[in-house]
Amino acid sequence: MYDSEYLKKLSEIDSIVEKPYLSNDPEEAKPEEHPAEEEASSGVFAKLKAGLSKTRKNLVYGLDTVFGAYADLNDEFFEDLEEQLIMADVGVHTTEEVLDELRSMVKDERIRSTGDCRAALARLVASRMSVPEDAYSFEKGPSVVLVIGVNGVGKTTYCGKLASALKKQGRKVIMAAADTFRAAATEQLIMWGDRAGVDVISGQEGSDPASVIYDALHAARARHADILICDTAGRLNNKKNLMNELDKIDRIISRELPDYKRENLIVLDATTGQNAMSQARDFAEVSDITGIVLTKMDGTAKGGIAIAIASELSVPVKFIGVGEGVDDILRFDPASFAQAMFEGVSDEQI
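Treat the numbers as computed from the prediction; the structure is a model and nothing was measured.

Chemist: Hey, could you go over the packing of helix α7 (residues 155-168) against helix α8 (residues 185-196) for me, with residue numbers and the actual values?
Modeler: For the pair α7 and α8, the least separation of the axes is 9 Å and the interaxial angle reads 20°. The angle between the axes of α7 and α8 places the two elements in the roughly parallel class. Where α7 crosses over α8, the handedness of that crossing is right-handed. Mapping the contact onto sequence places T156, T157, C159, G160, K161, S164 and K167 in α7 and A185, Q188, L189, W192 and A196 in α8.

Chemist: Please give an account of the packing of helix α4 (residues 75-87) against helix α5 (residues 92-108) that cites residues and values.
Modeler: Relative to each other, α4 and α5 sit at 145°, their axes nearing to 10 Å. By crossing handedness, the relation of α4 to α5 is classed as right-handed. On α5, the residues that touch F78, L81, E82, L85 and I86 of α4 are V92, T95, E96, L99, L102, R103 and V106. In terms of residue class, the contact of α4 with α5 is built from eight nonpolar, one polar and three charged.

Chemist: Please set out α5 residue by residue, giving values where relevant.
Modeler: If you check α5, its first and last C-alpha atoms are 24 Å apart, about what 17 residues at 1.5 Å a residue would give, namely 24 Å. Where α5 is concerned, the buried positions are T94, T95, V98, L99, L102, M105 and V106. In a view along the axis of α5, the buried residues occupy a sector of 125°, so they form one face of it. Of the exposed residues in α5, those oriented more than 90 degrees away from the buried face are K107 and D108. Each element contacted by the buried residues of α5 is listed here: α4, α6 (114-128) and α12 (305-313). Positive backbone phi, at 55°, marks R110, one or two positions downstream of α5.

So, how was this worked out
- Residues numbered from 1 in each chain as written.
- Predicted model: local features only at pLDDT ≥ 70, side-chain atom pairs only at ≥ 80, totals over all residues.
- Heavy atoms only, no water.
- Axes fitted to C-alpha atoms, helices over the stretch in contact; angles between N-to-C directions.
- Helix = DSSP H or I, 4+ residues; strand = E, 2+ residues; numbered from the N terminus.
- Parallel < 35°, antiparallel > 145°, perpendicular 65-115°, else oblique.
- Left-handed = near helix turned anticlockwise from the far one by under 90°.
- Contact = heavy atoms within 4.5 Å.
- Nonpolar A, V, L, I, M, F, W, Y, C, P; charged D, E, K, R; others polar.
- Expected span 1.5 Å × (residues − 1).
- Buried < 20%, exposed > 50% of the residue type's maximum accessible area, 1.4 Å probe, protein only.
- Arc of directions from axis to C-beta.

Here you go:
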């Protein structure tokens, strides 16, 4: 059974999650300047906090326990902090690196208070998850987005949500149903296409995925599409087959649309924790991964896996899924993520 203090803390965190985000910046607080942008920004932040509520309940309570139990930032403090980060699935290797850097910051910056130490930890996490300035340049087109990953992680759903978001931005989008091995995968993508008002190029069930990609490439050029999103098969017999299939698709894209930007996104299920890390490593061996999509972040208490994956693979997390709605795939913002994860840290401190 949980003690009364623990349940009280969870209740406090729940109440925080439900509150809309209010900026501490007095300039941003003026509604007459950019009210629409501020409302959208605060709405995204509130959605992020709500989507990460399970992780926050787990991590925030653990961190509060550690930071509240120590007056001095001594070895025992860092040992307990290490335990909490590992429990959140940040991973042993990443946790060790982060805490080594944190110890150096505490020493070099003469940090004494636990509040300043928490803010320093949030800054370290955000810096390890940095996203390049051109991370979303592919959205302007013309580009080909190859979406890869194992079955069951939400690839097809992500393709549909991305297509819907890009269509709302005024982009002309085509999708390719190249997951020809999974039953009903094509039908599922066509359903998303109808919902978003986007054309879907498909083939027969069990047909060569590369041939579907080939047809879609020609359709994209002929119809002057800005972006072609390719849903791919998630289950092949072994790594050699996977390598051969992805290599074949890569060669076809490079040959047919050499002037298009390329984006290879791997979709990972955040609820699988360290298994997601293993999948990312396997696919990284056979494909030039340019970004990570973490789905089902709202369904896990161990969202620290996002920190581990971005840090250890040196590949940026570009999107996270925080719900079932069509708009619940968010662009990844490291500072907002760190602020949502580390309750009590303001955006000015990150």
